[in-house]
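Each chain, letter by letter, is given below.
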Amino acid sequence: MGYQKPKGTLDILPSESGVWLYVEDTIRRQAELAGFKLIRFPTFEATELFNRGVGGTTDIVQKEMYTFIDKDGSSLTLRPEGTACVARSVLENGLYAGAMPLKLYYLSNFFRRERPQAGRSREFWQFGVELFGSAGAEADASVILLANNVFRAFGLQNIKLKINSIGCPNCRPAYREALKKHFERNQDELCQTCKDRLDTNPLRILDCKSPVCKNIAKGAPRTIDFLCDDCKAHFDKLKTLLDDCGVSYEIDTNIVRGLDYYTKTVFEFINESIGAQSTVCGGGRYDGLIEELGGQPLPGVGFGMGITRLIQSLKDENLVPEIDSSATVYIAPLGEAAARKAFVLAENLREKGVAAETDLCARSLKAQMKYADKTGAKFVLVLGDNEINEGKAVLQNMRTGEKIQIDLSLERIMNTVCL
Ligand code: ATP
Ligand code: MG
């Protein structure tokens with residue numbers, strides 16, 4: 001019957017949207033505490049931006065993009081991630097000429113044509129941050145701390161931080177060769193995508209989701225054994241800063257992240273208890289990206305945090321608060337004259353900042369009480385002709401059942417319901 005939402009998309013219904021608002025508000029507060037400013041960018045961009053900025057050997061570009069040809073023949077793609085979009089905007093708008101480092105955050109939806117499952121959808125939401133203009137490990141530490149503070153603000157306990165360093169253009173070639181040799185020994189067993197990647201980007205094989213490739217990757221050489229002095233010092237400094245702030249972490253040499261532009265630090269926040277899709281947040285440093293997109297070299301570091309996996313984590317640890325967005329007062333009029341009064345009174349209350357509703361369907365008192373009850377109104381004010389003539393009415397506290405008679409003045413109602 002009727003229409004259904006496209007596969008892999010979500011309806012966020014009123015029963016759920018209060019949690020989303022709570023989550024988004026908490027995130028915004030933490031981002032702003034750390035000096036990050038909100039950025040919004042288009043839902044679609046030139047396909048070429050992602051080919052370059054995400055990388056032609058990644059799963060995103062090879063398999064997951066929603067790409068279409070516009071009527072003028074140009075190729076556009078629904079944004080599959082935010083970093084390339086933000087980098088494009090920084091370059092296009094010359095933001096690098098302002099205060100540095102530049103600290104930006106976003107709360108946006110993204111699109112990837114993946115196999116839908118728990119924790120993985122085709123449209124999903126991310127809290128992302130990007131910090132440009134600092135090559136120091138302080139920058140890496142500060143974005144990791146921001147993600148950590150978000151989890152702490154919610155009271156989450158089960159999320160573990162894993163970090164790694166994947167080196168830079170100086171030390172990666174040697175690592176790449178060692179890795180290539182390792183995979184060449186098991187070449188025949190690799191999935192087709194990874195076979196193709198062996199020459200173009202063997203690092204991506206470490207990131208493949210296929211169980212066979214994962215298994216072969218287990219015995220692979222580790223990036224941290226190949227780091228140059230600069231990368232090693234950077235990684236050591238990051239660890240020191242995290243230690244100084246009392247943040248615990250594990251070094252996981254298998255983390256490479258799925259994107260081509262990462263250098264040095266990569267990290268993930270993992271919650272094993274929410275199922276197979278356990279990475280709640282992933283990020284790292286991308287010192288090569290801005291140059292790749294045609295700008296002057298500008299270092300950057302950032303992360304993306306999946307909102308549905310975050311909310312799942314909150315539910316898992318019973319950390320979703322009672323969220324009450326119901327009306328403070330429901331005014332239940334009896335008859336047409338009272339209904340006109342009620343309509344204006346509700347509006348006057350709203351003007352004063354009191355959440356107020358009244359009847360919109362000329363219903364009986366019984367039907368109205370049912371509605372007030374269902375929607376969770378805190379007070380009901382019953383308004384008939386008598387009440388209007390006498391200037392007094394009964395206000396019922398729906399939580400306690402208590403009924404009190406009050407004068408029908410805006411002040412009196414407000415004083416009683418806003419205690
Ligand atoms: P994964 O390993 O889950 O495929 P990824 O490496 O593709 O993640 P990123 O591109 O770094 O992930 O995105 C950062 C975060 O965004 C992920 O850790 C996850 O929480 C969330 N995320 C990514 N893809 C999806 C999706 N399809 N559905 C829901 N959340 C997602
Ligand atoms: Mg993915």
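Everything numeric here is computed off the predicted structure, so don't read it as measured data.

Caption draft 1: How the structure looks around the packing of helix α5 (residues 137–154) against helix α9 (residues 229–244). For the pair α5 and α9, the least separation of the axes is 9 Å and the interaxial angle reads 45°. The angle between α5 and α9 places the two elements in the oblique class. Between α5 and α9 lies a crossing whose hand is right-handed. Contacts from A137, E138, D140, A141 and I144 of α5 reach α9 at H234, K237, L238, L241 and L242. Tallied by class, residues from the contact of α5 with α9 come to six nonpolar, one polar and three charged.

Caption draft 2: Just the domain arrangement of the protein chain, in detail. For the protein chain, the assigned domains read domain 1 (14–171 + 227–316) and domain 2 (329–417). Centre-to-centre separation of domain 1 and domain 2, based on C-alpha positions: 49 Å.

Caption draft 3: Representation of the environment of A46 within the structure. Mapped onto the secondary structure, A46 falls in strand β2 (residues 44–46). Its relative accessible area of 41% is what places A46 among the partly exposed residues. It is 4.6 Å that separates the C-alpha atoms of A46 and L76, two residues lying 30 residues apart in sequence.

Conventions used here
Residues numbered from 1 in each chain as written. Chains lettered and ligands numbered in written order. Predicted model: local features only at pLDDT ≥ 70, side-chain atom pairs only at ≥ 80, totals over all residues. Heavy atoms only, no water. Axes fitted to C-alpha atoms, helices over the stretch in contact; angles between N-to-C directions. Helix = DSSP H or I, 4+ residues; strand = E, 2+ residues; numbered from the N terminus. Parallel < 35°, antiparallel > 145°, perpendicular 65-115°, else oblique. Left-handed = near helix turned anticlockwise from the far one by under 90°. Contact = heavy atoms within 4.5 Å. Nonpolar A, V, L, I, M, F, W, Y, C, P; charged D, E, K, R; others polar. Domains from an automatic or database assignment. Buried < 20%, exposed > 50% of the residue type's maximum accessible area, 1.4 Å probe, protein only.

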